[in-house]
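The lines below spell out each chain.
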Amino acid sequence: MIKKQDIVFAIINSLTTLILFFISQSFYLNGLEDYKIFYLGPWFSTFIEEKYNQNTDRFVFVDTNFDNSIIEGNINGNSIITDREKLEQLFSKLKVGNEHQYVICDILFDSESKYDEELLEAMSNTKNLIIPRKDSLVLTNLKFRHLTSGLVDLSLPDNNFYKFKLSDKNVKSLPLKMFEDVQSTEINFNFPFYFSNKGLVFNDFVPLLKITERDIKKRGGHYFPLNHLLLRKPEKFKKITKDKIIIIGNYETDMHNTLQGKVAGPLILLNVFVSLENSLNIFSYPLLLTLFLIFFFFSIAVQYSRTEFDLILSRIPFLGGLSRGITYGGVMIILSVIIFFIFGNSINLLLVAAWFLFQNKVRNTIPYWRNVCFRLNRVLQEIQKQLKRT
């Protein structure tokens with residue numbers, strides 16, 4: 001029979017756990033949380049979606065890997081950059097009519113070349129263009145600083161990417177600024193999360209990387225090496241790029257380890273944008289209610305002693321303590337996968353399982369220490385009686 005005070009505790013504890021869980025979304029537990037076991041939903045989806053090609057008709061993918069040039073005279077020796085003469089030719093074609101929808105140029109302009117004046121003129125007259133930047137604009141060449149830019153930082157420890165920060169120290173990321181431009185909206189993160197009419201909006205979230213190299217390089221996938229695209233006649237070039245989102249970058253060597261295998265940097269940025277379009281950084285109100293009910297159930301469970309089976313296991317050293325941890329962790333993993341396939345959000349509930357297991361240990365320990373204190377008090381009383389008699 002559940003007591004009234006147990007329900008009150010469960011409600012308070014569930015709300016507390018929810019708040020802690022929301023705050024934890026802004027933490028990056030590198031070396032721990034970037035393993036697939038924490039986010040099995042996206043990992044499972046790769047096997048399901050392997051049979052299906054994602055529709056990439058909205059996009060054009062321009063690969064710069066085969067078009068490089070050498071800059072001489074650098075204090076550290078020669079450096080290799082994307083061929084800016086060919087980039088100038090590309091943007092000169094795009095600015096004629098400006099019939100594309102948007103352009104992501106995932107190239108960091110941190111050095112100079114002799115083609116910069118012509119390239120800058122072409123880029124300045126190309127509509128809806130965004131380039132990447134680091135946390136300081138000083139790292140971007142002075143000539144290119146006036147162009148629209150967004151923060152790009154995919155370099156996590158061990159080169160493992162699993163979570164994306166939309167805004168850092170009031171500097172917005174490239175996918176977020178692109179989303180604002182395309183949707184004609186403005187999003188500001190003064191806190192790690194805030195409430196909206198859709199639900200709870202998070203600054204840090206796990207995007208779903210649905211568009212992969214397999215999708216863009218399939219027949220009709222709108223993938224072009226830069227030099228090949230430049231060879232197209234004006235009519236064909238216009239047909240390829242009209243009303244399209246164009247993603248320029250290196251699709252061969254700019255690779256990152258992710259929950260869904262190796263993915264190119266430009267594709268990660270695009271997938272973050274698509275995830276924003278699908279509101280994957282928002283916990284909907286039905287999802288919030290679901291999480292509350294899950295936490296409420298576990299808040300009730302931690303208040304009661306183990307089952308008879310658990311008591312039998314508890315007599316076996318180590319295994320007794322491990323059994324409940326496996327139960328909590330296993331249930332949370334299953335619930336994480338179910339939530340992913342129902343709501344689309346990738347969340348880590350294993351840390352919540354550890355939190356409830358800790359609560360269970362503390363709560364089961366309290367009666368033991370109360371009993372110890374009671375016995376010690378009895379011993380002290382006996383000693384006092386003996387002292388008085390003497």
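These figures come from a predicted structure and were not determined experimentally.

Undergrad: Help me understand the overall build of the protein, please; the structure alone is not making it clear to me.
TA: Helix and strand counts for the protein come out as 13 helices and 18 strands. By the burial criterion, 46% of the 390 residues in the protein qualify as buried. For the protein, the exposed area adds up to about 21,000 Å²; of that, 59% sits on carbon and sulfur atoms.

Undergrad: Hey, could you run me through the pattern of salt bridges in this one?
TA: Pairing of side chains with opposite charge becomes possible as their charged atoms draw close. Taken as a whole, this structure holds nine salt bridges when the rule is applied. The shortest N-O distance in the salt bridge between Asp204 and Lys165 comes to 2.9 Å. Here the residue Asp204 occupies a position in strand 13 (residues 204-205), and Lys165 occupies one in strand 8 (residues 164-165), the gap between them amounting to 39 residues. Classification of Asp204 as buried rests on a relative accessible area of 3%. Judged by relative accessible area, Lys165 falls into the partly exposed class, the value being 30%. Because the salt bridges share partners, they merge into one network encompassing Glu99, Lys238 and Lys242.

Undergrad: Explain unusual backbone geometry here, please?
TA: The phi torsion of most residues other than glycine is negative, and most of the peptide bonds are trans. Positive phi, close to 45°, is recorded for Asn98, a residue that is not glycine. If you trace the backbone, Asn98 turns up in the loop between helix 3 (84-94) and strand 4 (102-105).

Undergrad: Explain the environment of Thr241 here, please?
TA: Tracing the backbone shows Thr241 in helix 8 (residues 234-241). In sequence terms Thr241 and Asn98 are 143 residues apart; their C-alpha atoms lie 9.4 Å from each other. Discounting chain neighbours no more than four positions away, the residues touching Thr241 are Leu94, Glu99, His100 and Ile246. At 2.9 Å, the side chain of Thr241 and the backbone oxygen of Phe237 are in polar contact.

Undergrad: Explanation requested: the layout of surface pockets in the structure shown.
TA: Over the atoms rolls a probe the size of a water molecule, and its path tells where empty space is left. Empty space within the largest pocket amounts to approximately 540 Å³. Taken together, 25 residues form the lining of the largest pocket, with Asp106, Ile107, Leu108, Asn250 and Asp254 sitting closest to its centre. Counting only elements with at least two residues in the lining of the largest pocket, the list comes to strand 3 (79-82), strand 5 (129-133) and helix 9 (265-277). The greatest single-element share of the lining of the largest pocket, amounting to three residues, is contributed by strand 3. Looking at the lining of the largest pocket residue by residue, the classes come out as nine nonpolar, nine polar and seven charged.

Undergrad: Just checking my understanding: could you explain the pairing of strand 1 (residues 59-63) for this structure?
TA: Where a strand is regular, its side chains alternate between the two sheet faces. Counting buried positions along strand 1 yields five of five residues, so the element is predominantly enclosed. With burial as the criterion, each face of strand 1 is covered, one bearing Phe59, Phe61 and Asp63 and the other bearing Val60 and Val62. Note that strand 1 and strand 15 (residues 245-249) share five bridges and pair parallel. Residue pairing across strands places Asp63 opposite Gly249, the latter belonging to strand 15.

Undergrad: Help me out: how do you make sense of a positive patch on the surface in this one?
TA: Taken together, Arg375, Arg378, Lys385 and Arg389 make up a surface patch of like positive charges. Secondary-structure assignment places Arg375 in helix 13 (residues 350-389).

Undergrad: Where do I start with the packing of helix 3 against helix 4 (residues 116-124) in this structure?
TA: The relative placement of two packed helices comes down to the angle between their axes together with the axis-to-axis distance. In the contact formed by helix 3 and helix 4, the axes pass within 8 Å of each other and the chain directions differ by 25°. The angle between helix 3 and helix 4 places the two elements in the roughly parallel class. Here helix 3 runs over helix 4; the crossing is left-handed. Counted together, Arg84, Leu87, Glu88, Phe91 and Ser92 of helix 3 and Asp116, Glu118, Leu119, Ala122 and Met123 of helix 4 form the full contact between these two elements. Grouping the constituent residues of the contact of helix 3 with helix 4 by class yields five nonpolar, one polar and four charged.

Undergrad: I would appreciate a short explanation of the nonpolar core in the present structure.
TA: Ranked by internal contacts, the top residues of the largest apolar core, which has 37 residues, are Phe59, Phe61, Leu166, Ile211, Ile247, Leu267 and Leu270. At eight residues, the largest contribution of residues to this core is made by helix 9. Sequence-distant contacts of Leu270, defined by excluding residues within four places in its chain, comprise Phe59, Phe61, Ile211 and Ile247. Counting 26 residues, the second largest nonpolar core, distinct from the first, contains Phe109, Ala122, Phe144 and Ile246.

Undergrad: I tried to follow the sheet that holds strand 1 on my own but got confused; where do I start?
TA: In a beta sheet, neighbouring strands are held together by backbone hydrogen bonds and run either parallel or antiparallel to one another. Ordered by their spatial adjacency, six strands build an open sheet running 6-5-4-15-1-14, and the pairing between neighbours is parallel. Two strands in the sheet have a free side with no partner beyond their single neighbour: strand 6 (149-151) and strand 14 (223-225). Pairs of neighbouring strands in the sheet enclose a mean axial angle of 25°, with direction left out of account. Inspection of the sheet shows strand 4 paired to strand 5 by two bridges, in the parallel sense. If you follow Ile104 over to strand 5, its bridge partner there is Ile130. Most of the contacts of helix 3 go to strand 15, to which it runs at about 175°, and overall it touches strand 1, strand 4, strand 5 and strand 15.

Undergrad: Can you help me understand empty space enclosed by the protein in this one?
TA: For the structure on display, the rule yields four cavities of 30 Å³ or more. Contributing to the lining of the largest cavity are Gln25, Lys163, Phe202, Asp204, Phe205, Val206, Leu280, Asn281, Phe283, Asn345, Ser346 and Ile347. Counted by class, the lining of the largest cavity contains six nonpolar, four polar and two charged residues.

Undergrad: Is there a simple way to think about the packing of aromatic side chains in this case?
TA: When we look at a pair of aromatic rings, we describe it by the centre distance and by the angle of the planes. Within the structure shown, the criterion is met by 20 aromatic pairs. Note on Phe195 and Tyr285: the rings are 6.4 Å apart at their centroids and 5° apart in plane angle, and the pair reads as stacked. Within this pair, whereas Phe195 is found in strand 11 (residues 193-195), its partner Tyr285 is found in helix 10 (residues 285-301), the two being separated by 90 residues in sequence. An aromatic cluster of three or more residues is present, and its members are Phe21, Phe22, Phe193, Phe202, Phe283, Phe295, Phe297, Phe298 and Phe356. Across the ring face of Phe237, the terminal group of Lys93 is positioned such that the distance to the ring centre comes to 5.2 Å.

Cut-offs and rules
Residues numbered from 1 in each chain as written. Predicted model: local features only at pLDDT ≥ 70, side-chain atom pairs only at ≥ 80, totals over all residues. Heavy atoms only, no water. Helix = DSSP H or I, 4+ residues; strand = E, 2+ residues; numbered from the N terminus. Buried < 20%, exposed > 50% of the residue type's maximum accessible area, 1.4 Å probe, protein only. Areas by Shrake-Rupley, 256 points an atom, 1.4 Å probe, with all protein chains shown as cover. Salt bridge = Lys/Arg side-chain N within 4 Å of Asp/Glu carboxyl O. Contact = heavy atoms within 4.5 Å. Polar contact = N/O pair within 3.5 Å; in protein donor to acceptor, adjacent residues only side chain to side chain. 1 Å grid on protein atoms, 1.4 Å probe; cavity = no way out; pocket = protein on both sides within 12 Å on 5 of 7 lines; lining within 4 Å. Points joined across faces, edges and corners; volume = space filled by probe spheres on them. Nonpolar A, V, L, I, M, F, W, Y, C, P; charged D, E, K, R; others polar. Pairing = 2+ DSSP bridges. Patch = residues over 30% accessible without salt bridge, like charges linked within 9 Å, V, L, I, M, F, W, Y side chains within 5 Å. Lys, Arg positive; Asp, Glu negative; His and termini not counted. Charge placed at Lys NZ, Arg CZ, Asp CG, Glu CD. Axes fitted to C-alpha atoms, helices over the stretch in contact; angles between N-to-C directions. Parallel < 35°, antiparallel > 145°, perpendicular 65-115°, else oblique. Left-handed = near helix turned anticlockwise from the far one by under 90°. Core = buried A, V, L, I, M, F, W, Y, C linked by side-chain atoms within 4.5 Å. Phe/Tyr/Trp six-rings, centres within 6.5 Å; stacked < 30°, edge-to-face > 60°. Lys NZ or Arg CZ within 6 Å of the ring centre and 35° of its normal.

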